[in-house]
Amino acid sequence: MTALDDLPTIVIGAGPTGLAAAAHLHERGLPFTVLEAGDTPGAAVRQWGHVRVFSPWRYNIDQAARRLLDEAGWVAPDPGTLPTGAELVDDYLRPLAQLPQLKPHVRYGARVEAISRLGLDRLRTAGRDTAPFLLRLADGDELVARAVIDASGTWSTPNVLGASGLRARGEAEAAAYLEHALPDVLGADRGRFVGRHTLVVGAGHSAANTLLSLAELAAVEAGTEVTWAIRAAAPTRTYGGGDADALPARGALGARLRAHVDAGRIRLLTGFSVRALTPTDGRVSVALRHGDGSAESITVDRVVAATGFRPDHGIAAELRLDLDPVLGATRALAPLIDPNEHSCGTVPPHGVDVLAHPEHCYFAVGMKSYGRAPTFLMATGYEQVRSVVAALAGDWAAARDVQLDLPETGVCSSDSAVSAGDDCCGSQPTGRGLSTGISGGLRSAPISLVALNAAPAGGCCAS
Ligand SMILES: Cc1cc2nc3c(=O)[nH]c(=O)nc-3n(C[C@H](O)[C@H](O)[C@H](O)COP(=O)(O)OP(=O)(O)OC[C@H]3O[C@@H](n4cnc5c(N)ncnc54)[C@H](O)[C@@H]3O)c2cc1C
């Protein structure tokens, strides 16, 4: 053992993936420390604690974590039921983090601000692979590590409202009227929505969840209005695959949403992007732009930004990362999950080799590993960390024997308007996941592009 081997592996984040990594590190007898920015295990999950997940318990528990919990006499939840985020924390993550094998090694209120190599900036090559990592925390404390498993998720870095990936004009100034994705409309946050008009922007499951809660609220609270703006010409992808969805709860979500829209309880605006926000007399005016350049504005009380998430690679800016330019995942993983091509939620089993960066022994895992792709499942993260930790232990046979405990879906069947030839998974018979029942990626649901009068035919570099 070298001195470097005596240093702990540092895991960033005590969410489902980070705590699973801790369980595997314990099993492998490797020293570790988990640094969690929040003050509880599953701090991000707790923020969407009121939302019921789509995957049943059987897919939500890591195997190494399970072994440790079983040893301690844990009563496992019914594998077939769907927990809320709060139940995921209370019935699984908290008991796991409390185990004597993990508890002394988990630090709360420890936000990692930056990661580098001790004594080496990103430019320096000589000695790099044998230099310890240096992690600086928000409180100024510094720690050294043999390896870093970055399981910090994406919850705290939501996408902006502006369609071009930049903030809409006035977005920062209108912050008091904006809601993070998935507010607790029927619970703690109810007061902000009762008797008010809310605009939900976005076309994913977070938007659908919020819209259903708002429609439920509107049914019992007079004056509560709901408008939904999407960029696509039709909400086909949000409505999803219905009965063809491998997760019935997810399929039902789209069907319920469609019923509210068809009945006029939710007003749907299609083909819109958000251009500007202007606070006006205690409300906020939202300027929306059509694909043909024409504009419309709507004045509402609240705006829910359900536009997805992006990874924060800023903390690793001094490391040598080889990121896919589209997703911000590794280049090996990105083509397997690119939402332009895939919608199925399937992925081939993958581990350390697919997650490796030029920076030896730094791995982004879990939700963060998917970058901007929205289809991550906990079970995928559990296999990622099993493989990464096996590699850190030098057990390359186990590290490369990647398995995924999810049904093999192969082809995603479809009831959408997309042609059969666009099937997204036909070429990936080994994909594992919980198919969504819709086929084709974002390319099969084009948005109207904003037209310019004098756009050059050959792009910026016309021959
Ligand atoms: C509403 C919703 C429903 C979902 N439903 C499902 C489902 O049905 N099935 C499924 O498999 N997946 C589902 N997912 C996707 C995914 O599995 C979860 O988001 C899961 O929580 C990801 O786990 P994670 O550990 O990778 O990240 P997170 O749960 O986001 O955990 C990251 C942790 O890192 C901490 N952290 C962040 N930055 C720092 C820092 N700089 N320093 C220290 N700590 C930091 C955070 O506080 C957090 O505790 C859902 C996601 C959402 C949002």
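Below is a short write-up of the structure. Predicted model only: the values in this text are computed from it and were never measured.

1. Here's the deal with the overall build of the protein chain
From N to C terminus, the protein chain includes 12 helices and 18 strands. Here the protein chain, with 463 residues, has 46% of them falling under the buried criterion. Across the protein chain, every contact between residues at least 6 apart in sequence was considered, and the portion connecting residues at least 24 apart equals 71%.

2. Details of the site of the ligand
In the vicinity of the ligand there are 35 residues, among which Gly13, Gly15, Val53, Gly153 and Gly366 approach most closely. When residues of the shell around the ligand are traced back to their parent elements, those giving at least two are α2 (16-27), α3 (43-47) and α11 (378-392). Here the residues of the shell around the ligand sort into 21 nonpolar, 12 polar and two charged.

3. Some details on the pairing of strand β14 (residues 295-300)
By the bridge criterion, six bridges tie strand β13 (residues 283-290) to β14 in an arrangement that is antiparallel. What sits directly across from Ser285, in β14, is Thr299. Remark: four residues form the turn of the hairpin made by β13 and β14, two consecutive strands paired antiparallel; Gly293 in that turn has positive phi of roughly 95 degrees.

4. Quick notes on unusual backbone geometry
Not every positive phi belongs to a glycine, and Leu182 is a case in point at roughly 60 degrees. Its location among the elements puts Leu182 in the loop between β8 (178-179) and β9 (197-201). Its identity as a non-glycine residue notwithstanding, Asp281 has a phi of 45 degrees, on the positive side. Along the polypeptide, Asp281 turns up in the loop between β12 (272-280) and β13. The class for Asp281 is exposed, based on 7 C-beta atoms found within 10 Å.

5. Here's the deal with α11
For α11, with 15 residues, the first-to-last C-alpha span of 21 Å sits near the 21 Å given by 1.5 Å per residue. One or two residues past the end of α11 sits Gly394, with phi positive at roughly 85 degrees.

6. Comments concerning the sheet that holds strand β11 (residues 267-269)
Strand order in the open sheet made by the five strands is β8-β15-β9-β10-β11, with parallel pairing throughout. Of all the strands in the sheet, the pair left with one neighbour each is β8 and β11. Of the pairings in the sheet, the one linking β8 to strand β15 (residues 302-305) comprises two bridges and is parallel in character. By the bridge assignment, Glu179 is partnered in β15 with Val304. Sheet strands in contact with helix α6 (residues 205-220) are β9, β10 (225-229) and β15, and its direction is about 160 degrees off that of β10.

7. Some remarks on the sheet that holds strand β7 (residues 147-150)
The strands that make up a sheet pair up through hydrogen bonds in the backbone, lying either parallel or antiparallel. If you walk across this open sheet you meet the five strands as β3-β2-β1-β7-β17, and the pairing is parallel. Every other strand in the sheet has two partners, leaving β3 (106-107) and β17 (362-364) as the edge strands with one partner each. Here four bridges tie strand β1 (residues 9-12) to β7, and the two strands are oriented parallel to one another. When the sheet's bridge partners are listed, Ile12 is paired in β7 with Asp150.

8. Brief notes about helix α8 (residues 248-262)
Here α8 spans 21 Å end to end across 15 residues, near enough to the 21 Å set by a 1.5 Å rise per residue. What α8 keeps buried is the set Arg250, Gly251, Leu253, Gly254, Leu257 and His260. Against the buried residues of α8 lie α6 and α7 (236-239). Directly beyond the C-terminal end of α8, a positive phi value near 80 degrees is found at Gly264.

9. Regarding the pairing of β13
Consecutive side chains along a regular strand alternate between the two faces of the sheet. Bridge count between β12 and β13: eight bridges; the pairing is antiparallel. Each residue of the ladder has a partner; that of Phe272, found in β13, is His290. Counting the residues in the hairpin turn of β12 and β13 gives two residues, including Asp281, whose phi is positive at 45 degrees.

What counts and how
- Residues numbered from 1 in each chain as written.
- Predicted model: local features only at pLDDT ≥ 70, side-chain atom pairs only at ≥ 80, totals over all residues.
- Helix = DSSP H or I, 4+ residues; strand = E, 2+ residues; numbered from the N terminus.
- Buried ≥ 20, exposed ≤ 12 C-beta atoms within 10 Å, placed from the backbone.
- Contact = placed C-beta atoms within 7 Å.
- Near = placed C-beta within 6 Å.
- Nonpolar A, V, L, I, M, F, W, Y, C, P; charged D, E, K, R; others polar.
- Pairing = 2+ DSSP bridges.
- Expected span 1.5 Å × (residues − 1).
- Axes fitted to C-alpha atoms, helices over the stretch in contact; angles between N-to-C directions.

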